[in-house]
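# Structural description and commentary
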Amino acid sequence: MKLIDNHGRKINYLRLSVTDRCNLRCRYCMPAEGVELLGHEDILSYEDLQRVAKAAVSLGVEKIRITGGEPLVRKGIVPFLSSLADIPGLRQLVLTTNGLLLTEMAKDLRTAGVQRLNISLDSLKADTFRAITRTGDMERVLEGIAAAERAGFPPPKINMVVMRGINDSEVLDFARLTLDRPCTVRFIEYMPTTKEENWQALAVSGGEILDRLAACFTLDPIEKGMLAGPSRDFRIRGGAGAIGVITAISGHFCSDCNRIRVTSTGMAKSCLFAHEGLDLKPFLAVRDPTVLKNALLRLVGCKPARHGMSSAKNDHRAFAMANIGG
Ligand code: SAM
Ligand code: SF4
């Protein structure tokens, strides 16, 4: 049995959130006071997370992205990652991080078998970075990126959430990072996850980002790989790296969606914007892998053809991205 939904999409990518906690408070992700912290009893144990991962891989998942909250703040993350890397059939184990702890941890993550890092960095200006993250030190992230390269990671994918009037003036500077470095910079459309008044005013569509880039550079499209995420990728002609645009709101890449998500509390979601999820805890309690697999098959059977979010609507329900993992 494989995870194929009712719209013919093959699900080969699991985003697994290991914690809702974070050492930053990015304004687009959570309220200033942080999210209501869950108790340890509400969070899946590493053993259960591993069982979810194994069940998913046995059903055709080939890529797992570990996310959070900030995944590197959870104690014991390194041995857990090693245990995932050992799952037969898993082709890619990757991780998304804000980079703050990479200076200390990059080497261990590499040894554990993490193949690639996505690092969130929304500004190259220390004061803007602090304003967006509310507490963050940009230099630490830059040091973390350098540490990851020293540890032998391939050049990182840098994720920038573009917000009008806040950091959108830096789009070209971010793109220029790829001229002489083989890194990838991905511009992410701002999604209205927290209850931000007038969120449309902050949103910059992927189309506008590409127009701004195309006004300065010649962009050559890059073919997508089998396990690729939702970004539309380009190379600036003559550049060493790549740029990508993730148009979750405007672009509706839903027809190519190959992913499911499981939160740190065990809620499985077939779509980022789905209001409901499937609680895996009762299925995990049975301790029979077949029961868990059937639950994942049921989840995928209900995967919507597309999400209903649009910048023309203002009826979204607020949620903290840190609970779901992006
Ligand atoms: N803490 C890690 C980090 O920041 O990379 C991993 C978790 S974070 C929730 C995963 C990704 O979601 C990050 O790249 C972040 O920028 C993105 N994200 C969070 N809230 C978002 C929003 N409202 N719109 C677009 N992207 C968002
Ligand atoms: Fe934390 Fe990542 Fe959310 Fe920022 S985007 S608050 S770093 S979980």
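Reference entry: report on the structure contained in this document.

## Focus: the packing of helix H3 (residues 102-112) against helix H5 (residues 138-150)
Running from N to C, H3 and H5 point in directions that differ by 20°, and their axes come no closer than 8 Å. Judged on the interaxial angle alone, H5 and H3 are roughly parallel. Relative to H5, H3 is oriented so that their crossing is right-handed. The residues of H5 that touch H3, namely those facing Leu102, Thr103, Glu104 and Ala106, are Arg140, Glu143, Gly144, Ala147 and Ala148. Of the residues that constitute the contact of H3 with H5, the class distribution is 4 nonpolar, 2 polar and 3 charged.

## A word on the packing of helix H1 (residues 46-58) against helix H10 (residues 289-301)
Put simply, H1 and H10 touch, their axes get as near as 9 Å, and they point 65° apart. By the angle class used here, H1 and H10 are roughly perpendicular. Crossing hand, H1 versus H10: right-handed. For the pair formed by H1 and H10, the contact residues are Arg51, Val52, Ala55, Ala56 and Ser58 on the first element and Leu292, Lys293 and Leu296 on the second. Here the contact of H1 with H10 is built from residues that sort into 5 nonpolar, 1 polar and 2 charged.

## Points about the site of ligand 1
In the vicinity of ligand 1 there are 20 residues, among which Tyr28, Gly69, Thr96, Ser120 and Met191 approach most closely. One of the backbone nitrogen or oxygen atoms of glycine 69 is found 3.0 Å away from a nitrogen atom of ligand 1. Between ligand 1 and methionine 191 there is a distance of 2.7 Å, counted from a nitrogen atom to a backbone nitrogen or oxygen. Listing elements by their share of the shell around ligand 1, those giving two or more residues are strand S3 (92-97), strand S5 (157-162) and strand S6 (184-189). Across the shell around ligand 1, the residue classes tally to 7 nonpolar, 11 polar and 2 charged.

## Focus on the packing of aromatic side chains
Enumeration according to the criterion identifies 1 aromatic pair in this entry. Taking the centre distance of 4.6 Å and the plane angle of 25° together, the rings of tyrosine 46 and phenylalanine 80 count as stacked. Of the two residues, tyrosine 46 sits in helix H1 while phenylalanine 80 sits in helix H2 (residues 77-85), which places them 34 residues apart along the sequence. Over the ring of tyrosine 13 we find lysine 63, and its NZ or CZ is 4.5 Å from the ring centre. The ring of tyrosine 46 is capped by arginine 74, whose NZ or CZ atom sits 4.0 Å from the centre of that ring.

Cut-offs and rules
- Residues numbered from 1 in each chain as written.
- Chains lettered and ligands numbered in written order.
- Predicted model: local features only at pLDDT ≥ 70, side-chain atom pairs only at ≥ 80, totals over all residues.
- Heavy atoms only, no water.
- Axes fitted to C-alpha atoms, helices over the stretch in contact; angles between N-to-C directions.
- Helix = DSSP H or I, 4+ residues; strand = E, 2+ residues; numbered from the N terminus.
- Parallel < 35°, antiparallel > 145°, perpendicular 65-115°, else oblique.
- Left-handed = near helix turned anticlockwise from the far one by under 90°.
- Contact = heavy atoms within 4.5 Å.
- Nonpolar A, V, L, I, M, F, W, Y, C, P; charged D, E, K, R; others polar.
- Near = heavy atom within 4 Å.
- Polar contact = N/O pair within 3.5 Å; in protein donor to acceptor, adjacent residues only side chain to side chain.
- Phe/Tyr/Trp six-rings, centres within 6.5 Å; stacked < 30°, edge-to-face > 60°.
- Lys NZ or Arg CZ within 6 Å of the ring centre and 35° of its normal.

It is worth stressing that arrangement in space is one thing and function is another; only the former is reported here.
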